[in-house]
Amino acid sequence: VKRGIALSVAAAFIRGATGITNAAEREKPTLCADPNTIDSSQASMRASLNYTDISKDAARTCTVCAFFQPTANDCGTCQILSGPANPKGSCDSWSAKE
Ligand code: SF4
């Protein structure tokens, strides 16, 4: 029984220590770009800029990026990616809206 409790405590500690990453992984983002139909140049750009549909930094999301234009479907368009972006997403080219 003690060993089980120790393992539970250790698992809770690990979950707490990695909470931000786990929260980002648990949150299901709106699918703004279908990975099966996006063209290869856009896929390459997204990969090179480390684009993610859920930003690891809540203060640096596409919604507050200068290159983001919202669209009517809970998504948006990014001038840098030349294609769809998730408002909660982010990439290495993030720049604050003025
Ligand atoms: S440049 Fe990056 S952070 Fe800014 S809107 Fe485009 S994908 Fe989002």
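Our subject is the structure listed above.
First things first, this report covers the structure right here in the doc. (Residues numbered from 1 in each chain as written. Predicted model: local features only at pLDDT ≥ 70, side-chain atom pairs only at ≥ 80, totals over all residues. Heavy atoms only, no water.)

A few points about the overall build of the chain
- Looking only at helices and strands, one finds 3 helices and 3 strands in the chain.
- Mapped from its N terminus to its C terminus, the chain presents α and β elements in the order α-α-α-β-β-β.
- Across the 98 residues that make up the chain, the buried fraction comes to 24%.
- Within the chain, counting contacts between residues at least 6 apart in sequence, those at least 24 apart form 70% of the total.
- Of the roughly 6800 Å² that the chain leaves accessible, carbon and sulfur atoms contribute 58%. (Helix = DSSP H or I, 4+ residues; strand = E, 2+ residues; numbered from the N terminus. Buried < 20%, exposed > 50% of the residue type's maximum accessible area, 1.4 Å probe, protein only. Contact = heavy atoms within 4.5 Å. Areas by Shrake-Rupley, 256 points an atom, 1.4 Å probe, with all protein chains shown as cover.)

Some remarks on the sheet that holds strand S1 (residues 68–70)
- Read across the sheet, 3 strands follow the order S1-S2-S3 without closing on themselves; strand pairing throughout is antiparallel. Sheet topology places S1 and strand S3 (83–85) at the edges, where each strand pairs with a single neighbour. Averaged over all pairs of adjacent strands, the angle between their axes in this sheet comes to 40°, without regard to strand direction. (Pairing = 2+ DSSP bridges. Axes fitted to C-alpha atoms, helices over the stretch in contact; angles between N-to-C directions.)

Details of the nonpolar core
- By size, the foremost hydrophobic cluster in this structure holds 8 residues: Leu-49, Tyr-51, Cys-62, Phe-68, Cys-78, Leu-81, Ala-85 and Cys-91.
- Contact partners of Cys-62, with chain neighbours within four places excluded, come to Tyr-51, Phe-68, Ala-85, Asn-86, Pro-87, Gly-89 and Ser-90. (Core = buried A, V, L, I, M, F, W, Y, C linked by side-chain atoms within 4.5 Å.)

A few points about the side chain of Ser-90
- Relative to the helices and strands, Ser-90 resides in the segment after S3.
- Given a relative accessible area of 11%, Ser-90 falls into the buried group.
- Only 2.8 Å separates the side chain of Ser-90 from the backbone oxygen of Arg-60, close enough to count as a polar contact.
- Residues within four places of Ser-90 in sequence aside, it is in contact with Asn-50, Tyr-51, Thr-52, Ser-55, Arg-60 and Cys-62. (Polar contact = N/O pair within 3.5 Å; in protein donor to acceptor, adjacent residues only side chain to side chain.)

Structural notes on the state of the cysteines
- Enumeration according to the criterion identifies 1 disulfide in this entry.
- Each sulfur of the disulfide joining Cys-32 and Cys-75 lies 2.0 Å from the other. On the sign convention where negative means left-handed, the S-S torsion of about -85° between Cys-32 and Cys-75 marks this disulfide as left-handed. Pair noted here: Cys-32 is in the loop between helix H2 (19–26) and helix H3 (40–48) and Cys-75 is in the loop between S1 and strand S2 (76–78), with a separation of 43 residues, a long-range link. In this pair, the class of Cys-32 matches that of Cys-75, namely buried. (Disulfide = S-S within 2.5 Å.)

Digging into the packing of aromatic side chains
- By the definition in use, this model includes 0 aromatic pairs.
- Between Arg-46 and the ring centre of Tyr-51, over which it is positioned, the NZ or CZ distance is 4.6 Å. (Phe/Tyr/Trp six-rings, centres within 6.5 Å; stacked < 30°, edge-to-face > 60°. Lys NZ or Arg CZ within 6 Å of the ring centre and 35° of its normal.)

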